[in-house]
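Listed below, chain by chain, are the residues.
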Amino acid sequence: MDQNQLKQAVAQAAVDYSLTRIEDDSIIGIGTGSTANCFIDLIAKHKHKFQGTVASSEGSAERLRGHGIQVFELNAVSEVTIYIDGADEANARLELIKGGGAALTREKIVTAVANEFVCIADESKWVDYLGMFPLPVEVIPMARSYVARELVKLGGDPVWRDGVITDNGNLILDVHGLYPMGSACALEEQINQITGVVTNGLFAIKSADILFLATQQGIVTHTAKA
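Rules used in this analysis
- Residues numbered from 1 in each chain as written.
- Predicted model: local features only at pLDDT ≥ 70, side-chain atom pairs only at ≥ 80, totals over all residues.
- Heavy atoms only, no water.
- Helix = DSSP H or I, 4+ residues; strand = E, 2+ residues; numbered from the N terminus.
- Buried < 20%, exposed > 50% of the residue type's maximum accessible area, 1.4 Å probe, protein only.
- Polar contact = N/O pair within 3.5 Å; in protein donor to acceptor, adjacent residues only side chain to side chain.
- Contact = heavy atoms within 4.5 Å.
- Pairing = 2+ DSSP bridges.
- Right-handed = clockwise from strand over helix to strand, strands pointing away.
- Phe/Tyr/Trp six-rings, centres within 6.5 Å; stacked < 30°, edge-to-face > 60°.
- Axes fitted to C-alpha atoms, helices over the stretch in contact; angles between N-to-C directions.
- Parallel < 35°, antiparallel > 145°, perpendicular 65-115°, else oblique.
- Left-handed = near helix turned anticlockwise from the far one by under 90°.
- Nonpolar A, V, L, I, M, F, W, Y, C, P; charged D, E, K, R; others polar.

**Q** Can you walk me through unusual backbone geometry in this structure?
**A** For residues other than glycine, phi is negative in most cases, and the peptide bonds are mostly trans. Residue Tyr179 is joined to Pro180 through a cis peptide bond whose omega torsion reads -10°. Topologically, Pro180 is positioned in the loop between β9 (171-176) and α6 (184-192). If you check the backbone angles, Leu94 has positive phi at about 65° while not being a glycine. By secondary structure assignment, the location of Leu94 is in the loop between β4 (89-90) and β5 (96-97). Judged by relative accessible area, which is 0%, Leu94 ranks as buried. At Ala102, a residue that is not glycine, the phi angle is positive and equals roughly 65°.

In structure tokens form, the structure reads like this:
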């Protein structure tokens, strides 16, 4: 199977799993990116089985509405039953790097609210050590240069993703040179303590609960270890 077929397969696995978790009044959290888009397209035929969704980006919200799926503001709902999203990298501890689509802050917020975070990815995203994919950091615009200097002190090589403005009106610094990453939890905390950082794309302090990984041999399910 090519990469697109793998994405379709893992999105279908997530749909099948979600249908075992949701009820008529459930709200599903929807992530951002090509694999999440596959999930949106596949879950659309089951839209009568749940109340609606919250989306981590304007792009995902628009795609959901195009399928006739109701999109709620997160502040308007009291619970998100399950959150489905992709990743740019994932390891055996289900720690992730996310943010290639510049939606990392909203993704992290929805993840925090959701009862369960299901990550879906193809085998190209599976790594032994995080950091080969540049780590996205969302930054308040006036702090861009300062934050970049602080990231250099942490051993990174930050590059401004020029021309990209997040849905929150902020900038993205992509941090190279962090491979192989040691403690993802410690680094996530360190970067978030830099003044001017909104958040970074490490999902380690709160990692995925389940990872469905599409491989040439089929879907492999990884669960978070207690």
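**Q** Whenever I open this one, the side chain of Ser56 confuses me. Can you help?
**A** Its place among the elements puts Ser56 in the loop between β2 (52-55) and α3 (58-66). Here the side chain of Ser56 touches Thr32 through a polar contact of 2.6 Å, side chain to side chain. Dropping the residues within four chain positions of it, Ser56 is found in contact with Ile30, Gly31, Thr32, Tyr83, Ala103, Arg106 and Glu107.

**Q** Looking at this model, I keep getting lost on the pairing of strand β1 (residues 27-30). Mind explaining?
**A** Successive side chains on a regular strand alternate, one facing one side of the sheet and the next facing the other. Residue alternation in β1 divides its side chains into two sets, Ile27 and Gly29 and Ile28 and Ile30, and both sets are buried. Across four bridges, β1 lies against β2 in parallel orientation. What sits directly across from Ile30, in β2, is Ala55. As a crossover connection, the stretch from β1 through helix α2 (residues 34-43) into β2 is right-handed. Looking at chain direction, β1 and strand β3 (residues 82-85) are connected through three bridges and run parallel. In the sheet register, Gly29 faces β3, and the bridge partner there is Tyr83.

**Q** Looking at this model, I keep getting lost on the packing of aromatic side chains. Mind explaining?
**A** Geometrically, a pair of aromatic rings is defined through the distance of the ring centres and the angle of the planes. Counted by the stated rule, this structure contains three aromatic pairs. With 5.5 Å between their ring centres and 70° between their planes, Tyr17 and Phe212 make a pair best called edge-to-face. Pair noted here: Tyr17 is in helix α1 (residues 3-19) and Phe212 is in strand β12 (residues 210-215), with a separation of 195 residues, a long-range link. Phe212 matches Tyr17 in its accessibility class, with the two residues each being buried. With a centroid separation of 5.4 Å and an interplanar angle of 35°, the aromatic rings of Tyr83 and Phe117 are classed as tilted. Of this pair, Tyr83 sits in strand β3 while Phe117 sits in strand β6 (residues 117-122), and the two are 34 residues apart along the sequence. Tyr83 sits in the buried class, given a relative accessible area of 0%. Pairwise contacts between aromatic rings join Tyr83, Phe117 and Phe203 into one cluster.

**Q** Which parts of the structure should I look at to understand the side chain of Thr199?
**A** Tracing the backbone shows Thr199 in strand β10 (residues 197-200). For Thr199, a relative accessible area of 6% puts it in the buried group. Of the polar contacts made by the side chain of Thr199, one reaches the side chain of Lys108; its length is 3.3 Å. The contact partners of Thr199, leaving out residues within four places of it in the chain, are Leu104, Thr105, Lys108, Val137, Glu138 and Asn192.

**Q** Even after reading the chapter, I still don't get the packing of α2 against α3, so can you show me in this structure?
**A** Each pair of packed helices can be summarised by the angle the axes make with each other and by the distance between the axes. Look at α2 against α3: their axes get within 10 Å of each other, and the N-to-C directions meet at 20°. When the axis of α2 is compared with that of α3, the two are roughly parallel. As α2 packs across α3, the resulting crossing turns out to be right-handed. For the pair formed by α2 and α3, the contact residues are Asn37, Ile40 and Asp41 on the first element and Ser60, Arg63 and Leu64 on the second. Of the residues assigned to the contact of α2 with α3, the class counts are two nonpolar, two polar and two charged.

**Q** How should I be thinking about the sheet that holds β5 in this particular structure?
**A** Working definition: the strands of a sheet are paired by backbone hydrogen bonds and lie parallel or antiparallel to each other. One open sheet accounts for three strands, arranged β4-β5-β11; its pairing is antiparallel. Two strands close off the open sheet at either side, each with one partner strand: β4 and β11 (202-203). Note that β4 and β5 share two bridges and pair antiparallel. Pairing of Ala90 across the sheet is with Leu96, part of β5.

Purely spatial values, then, with no claim about function.
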